[in-house]
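Architecture and fold: a report
Here are the chains, one letter per residue:
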Amino acid sequence: MLRRAAVAAVFVATCFGASRGAADDQMPSWKDGAAKKAIVSLVSRVTTPGPDLLPPPARIAVFDNDGTLWAEQPMYFQLMFSIERIKALAPAHPEWKQQEPFASLLRGDVAAAFASTPDPELKIAMASQAGLTIPEFEQSVREWFASARHPTTGRLLSEMVYQPMLEVLRYLRANGFRTYIVSGGGIEFMRVFAEQLYGIPPEQVVGSTNRLQFEMRGGKPAIVNAGEIAFTDDKGGKPVGIYLAIGRHPILAFGNSDGDLAMLQYTCDGAAPELCVYIHHTDAAREWAYDRTSKIGRLDKGLDEAKTRRWTVVDMKSDWKTVFGPRHDKAD
């Protein structure tokens, strides 16, 4: 009889994903406050036999990337990459010396480049990828990412990932969740490092996409970047991207800016169980403090809606024991 009970317990744990809650603490970088409890509570609800139990395929968690999984100040990391690519490609494009935003970039005046023309970031990103095959672009990202350092901290960009968020990702996956990146960043860019940094495979990355086309190059098939944007996975585009790429409704969403508001609204639509979480950058000592007036990662409308709808707001300064891990914190 005991043996049958043990077998039944193993069957339930295998099929439904037994909850590994607070007792087996897999989120040691989080303080034991309301934010951590909200995450553990949702996981417990959907993994414990009862009215809220969900099978693993329905346990979908979506995460913004910039400012949610890794830092985004003082500039989006993909933009840093694109600027370096423009400099490297400049000898083959003498016309850029008279064209903005490229002319200002090549003179080293980034501020002037951003003020010179509408949508300078998009133009820089598109020019940095145009004509490349997917493997060529991925290789250029891989080579840059291997040694790219943050302009303020001097650390490798791979060291600018939030340790508490890595723990959340692992905790969720240990409980049968599938974790997705849903970001305004380029899908071709993020797929290069997402699995290495976050344990999220390329097929679970949803992002802005360029117009791609099929060509035969040197007698071999290739997918080539046409240098035009096809889909922007930001703001209202995020729920659309989730529907198109995932095909299931998420029950858990993490963001940090107004660009993530629509994703959180879509996730927390009243069909419980569900949880929406905003990462609030409040730690000027270990990271940065910014919200309503920031040009990057502005959190204004989202902060108000989080209060109205009682979403979970993570106070980085108060809720996280560490930001980038003991070896990387600014305060060390």
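In the block above lies the structure referred to throughout.
Residues numbered from 1 in each chain as written. Predicted model: local features only at pLDDT ≥ 70, side-chain atom pairs only at ≥ 80, totals over all residues. Heavy atoms only, no water.

Spatially, 7 strands are ordered β4-β3-β2-β1-β5-β6-β7 in an open sheet, and the strand pairing comes out mixed. A single partner strand is all that each edge strand has here, and the edge strands are β4 (220-231) and β7 (312-315). Here the strands of the sheet are splayed against their neighbours by 30 degrees on average, with no regard to which way each runs. Relative to strand β3 (residues 205-217), strand β2 (residues 178-186) runs parallel, the two sharing 3 bridges. Counterpart to Gly186 in the pairing with β3 is Ser208. Contacting β1 (60-63), β2, β3 and β4, helix α11 (residues 237-245) crosses the sheet at an angle of about 130 degrees to β2. (Pairing = 2+ DSSP bridges. Helix = DSSP H or I, 4+ residues; strand = E, 2+ residues; numbered from the N terminus. Axes fitted to C-alpha atoms, helices over the stretch in contact; angles between N-to-C directions. Contact = heavy atoms within 4.5 Å.)

Let us look at the state of the cysteines. Scanning the model with the defined rule gives 1 disulfide in all. At a sulfur-sulfur separation of 2.3 Å, the disulfide partner of Cys268 is Cys276. Taking the torsion about the S-S bond as the criterion, the Cys268 to Cys276 disulfide, at about 125 degrees, is right-handed. The pair formed by Cys268 and Cys276 is uniform in burial state, with each residue classed as buried. (Disulfide = S-S within 2.5 Å. Buried < 20%, exposed > 50% of the residue type's maximum accessible area, 1.4 Å probe, protein only.)

This brings us to the packing of aromatic side chains. This structure, assessed with the given rule, holds 15 aromatic pairs. When the ring of Trp96 is compared with that of Phe102, the centres are 4.8 Å apart and the planes differ by 20 degrees; the resulting orientation is stacked. When its relative accessible area of 5% is taken as the criterion, Trp96 is described as buried. Ring centres 6.2 Å apart and planes at 50 degrees place the aromatic pair Tyr278 and Trp311 in the tilted group. (Phe/Tyr/Trp six-rings, centres within 6.5 Å; stacked < 30°, edge-to-face > 60°.)

Inspection of the entire model under this criterion finds 13 salt bridges. Asp304 is paired through a salt bridge with Arg292; the nearest N and O atoms lie 2.9 Å apart. Pair noted here: Asp304 is in helix α13 (residues 301-309) and Arg292 is in the loop between β6 (275-280) and α13, with a separation of 12 residues, a long-range link. Judged by its relative accessible area of 40%, Asp304 is partly exposed. (Salt bridge = Lys/Arg side-chain N within 4 Å of Asp/Glu carboxyl O.)

With that settled, the discussion passes to the pairing of strand β5 (residues 252-255). Side chains of β5 alternate between two faces, with Leu252 and Phe254 and Ala253 and Gly255 buried alike. The sheet contact formed by β1 and β5 spans 3 bridges and is parallel. By the bridge assignment, Val62 is partnered in β5 with Ala253. In this fold, β5 hands off to helix α12 (residues 261-267), which returns the chain to β6; that crossover is right-handed. (Right-handed = clockwise from strand over helix to strand, strands pointing away.)

So, about the nonpolar core. Nonpolar side chains in soluble globular proteins tend to end up buried together. With 70 residues, the main nonpolar core has Trp30, Phe63, Met165, Tyr198, Leu252, Phe254 and Trp320 as its most contacted residues. Ranked by the residues each element gives to this core, the list is headed by helix α2 (residues 34-47), at 7 residues. Among residues more than four places away in sequence, those in contact with Phe254 are Ile39, Val62, Phe63, Asp64, Thr68, Met165, Val168, Met263, Leu264, Val277 and Ile279. Counting residues in each nonpolar core, the second largest holds 18 residues, with Val206, Leu261, Met263 and Leu299 among its members. (Core = buried A, V, L, I, M, F, W, Y, C linked by side-chain atoms within 4.5 Å.)

Here we take up α2. Here α2 spans 20 Å end to end across 14 residues, near enough to the 20 Å set by a 1.5 Å rise per residue. Within α2, the full set of buried residues consists of Ala35, Lys36, Ala38, Ile39, Val40, Leu42, Val43, Val46 and Thr47. (Expected span 1.5 Å × (residues − 1).)

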